[in-house]
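Commentary on secondary and tertiary structure
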Amino acid sequence: MRKVGYLGPQGTYCEEIVLYLYKNNEAALIPYNGIDAAIRAVALGETDECIVPVENSLEGSVNITLDTIAHDVALYITKEIVLPVRHNLLGKQGCQEVTTIVSHPQALAQCRKTLAILYPQAKLKPVESTAEAARIVAGSDGLYAAIGSLKAAEIYGLAVLAPDIHDHQANSTRFIGLEPQAAACVQGKSKTTFVCQINGERPGSLYNILAEFASREVNLTRIESRPARTGLGMYIFFFDLEGSLAAPNIAEAVSAVKAKCLWYKNFGSYPIVYVI
Ligand SMILES: O=C(O)C(=O)C[C@]1(C(=O)O)C=C[C@@H](O)C=C1
């Protein structure tokens, strides 16, 4: 049976995605206690695939995902899934006072303004996932609260102290599926992703890369830089493009860019799935 890893424990937003993708029990769903652990398990052959978050519409990149796929493993992105994320403050039944709010750092950041108004005195404490936060609160005294989903409230027997506490209604997170092999035949709405390092000492290096896409009418949907880890001021760039490498203009643009880079890693082309 296919094994699919995700950021656990039970009740995370990641779990929502794997349950949506594999609703007919056609895969064994395996929770990991960290995003990097779920990714490494695929590289080690413990699982066939993992689903991990990569970007949020309010807080931006999930750096551990970008850094792990760039530096530590050789995996392909085989799907992208976009999930609208609605956060709630969860606490024990009858909880009157909240001194500490625990959650995943992304969730804490997505609710920062709202929490500053509702609970200005509360301390914010990062933990591995929103469901881990709910689990901690269920086992704590009544002064702890967690940011998490309604599903997590149900699983860990918590009450909703405040619903919809994300700072903007249009809060959504992009997740990716990672596998050892690239997606075979990508049809419908798709994207292509690669990461590269360019010569930062030569003027116009990034401009020259962008020109390869512009001249072939390839639409870039995202550029993200992360430290190259070789020294201060050295960066790698992640590029997301609309369309697949099966399209000649994209294949040509990508090979022209590859020839201009100091270092290049391809994550392949993959379909986009929207969860409503
Ligand atoms: O903690 C979870 O429930 C997760 O699935 C992780 C995660 C993330 O890392 O972005 C996923 C969606 C939300 O943006 C908040 C947390």
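Residues numbered from 1 in each chain as written. Predicted model: local features only at pLDDT ≥ 70, side-chain atom pairs only at ≥ 80, totals over all residues.

Focus on the overall build of the chain
In terms of helices and strands, the chain carries nine helices and 15 strands. In the chain, which comprises 276 residues, the proportion classed as buried is 40%. Of the contacts formed within the chain by residues at least 6 apart in sequence, a portion of 75% connects residues at least 24 apart. (Helix = DSSP H or I, 4+ residues; strand = E, 2+ residues; numbered from the N terminus. Buried ≥ 20, exposed ≤ 12 C-beta atoms within 10 Å, placed from the backbone. Contact = placed C-beta atoms within 7 Å.)

Remarks on the packing of helix H2 (residues 35-43) against helix H3 (residues 63-72)
Two quantities define a packed helix pair, namely the angle between the helix axes and the distance between the axes. At a closest axis distance of 9 Å, the pairing of H2 and H3 adopts a crossing angle of 30°. As the angle between them shows, H2 and H3 are arranged roughly parallel. Between H2 and H3 the crossing geometry is right-handed. Across from Ile35, Asp36 and Ile39 in H2, the residues of H3 making contact are Ile64, Thr65, Thr68 and Ile69. Here the residues of the contact of H2 with H3 sort into four nonpolar, two polar and one charged. (Axes fitted to C-alpha atoms, helices over the stretch in contact; angles between N-to-C directions. Parallel < 35°, antiparallel > 145°, perpendicular 65-115°, else oblique. Left-handed = near helix turned anticlockwise from the far one by under 90°. Nonpolar A, V, L, I, M, F, W, Y, C, P; charged D, E, K, R; others polar.)

Focus: the site of the ligand
The environment of the ligand is made up of 15 residues, and the closest members are Thr12, Tyr13, Gln106, Ser129 and Thr130. Looking at the shell around the ligand, the elements with two or more residues in it are helix H1 (13-21), strand S3 (49-56), helix H4 (105-110) and helix H6 (130-138). Of the residues that constitute the shell around the ligand, the class distribution is eight nonpolar, seven polar and no charged. Both of domain 1 (2-85 + 171-179) and domain 2 (88-162) provide at least three residues apiece to the shell around the ligand. (Near = placed C-beta within 6 Å. Domains from an automatic or database assignment.)

Some remarks on the nonpolar core
In terms of nonpolar packing, the biggest core is built from 44 residues, with Tyr6, Cys14, Cys50, Ile51, Val52, Phe175 and Leu178 touching the most fellow members. The element best represented in this core is H1, accounting for five residues. Counting residues domain by domain, this core receives three or more from each of domain 1 (2-85 + 171-179) and domain 3 (190-269). Excluding its chain neighbours within four sequence positions, the residues that come into contact with Cys14 are Tyr6, Leu7, Ile51, Val52, Pro53 and Phe175. Of all hydrophobic cores here, the second largest spans 24 residues; its members include Ile101, Tyr119, Tyr144 and Ile147. (Core = buried A, V, L, I, M, F, W, Y, C linked by C-beta atoms within 7 Å.)

Let's talk about helix H9 (residues 248-260)
Between the first and last C-alpha of H9 there are 19 Å, a value that for 13 residues agrees with the 18 Å anticipated at 1.5 Å per step. Tucked inside the fold, the buried residues of H9 contact strand S12 (190-197), helix H8 (205-214) and strand S14 (235-242). (Expected span 1.5 Å × (residues − 1).)

Describing the environment of Ile236
For Ile236, the position within the fold is in strand S14. In sequence terms Ile236 and Tyr264 are 28 residues apart; their C-alpha atoms lie 9.2 Å from each other. Residues in contact with Ile236, not counting those within four places in the same chain, are Ala70, Val195, Cys196, Gln197, Ser225, Arg226 and Ala228.

What about the UniProt feature "domain: Prephenate dehydratase" (unreviewed entry) in the chain?
The sites that carry the UniProt feature "domain: Prephenate dehydratase" (unreviewed entry) are, in the present numbering, residues 3-180. Summarising residues 3-180: 32% helix, 33% strand, and an end-to-end C-alpha distance of 13 Å. (UniProt positions renumbered as here; feature names shortened; annotations may be inferred.)

Some remarks on the pairing of strand S9 (residues 144-148)
Most of S9 sits inside the fold, with five of its five residues counted as buried. Across the two faces of S9 the burial is the same, with Tyr144, Ala146 and Gly148 and Ala145 and Ile147 all buried. Alignment of strand S6 (residues 88-91) against S9, held across three bridges, turns out to be antiparallel. Pairing of Leu90 across the sheet is with Ala146, part of S9. The pairing of strand S7 (residues 100-103) with S9 spans three bridges and is classified as parallel. (Pairing = 2+ DSSP bridges.)

Focus: the packing of H8 against H9
Across the interface, H8 lies against H9 with an axial gap of 9 Å and an inter-helix angle of 165°. The angle between H8 and H9 places the two elements in the roughly antiparallel class. Remark: the crossing between H8 and H9 carries right-handed chirality. In contact with Asn208, Ile209, Glu212 and Phe213 of H8, H9 contributes Ala253, Ala256, Val257 and Lys260. Taken together, the residues of the contact of H8 with H9 break down into five nonpolar, one polar and two charged.

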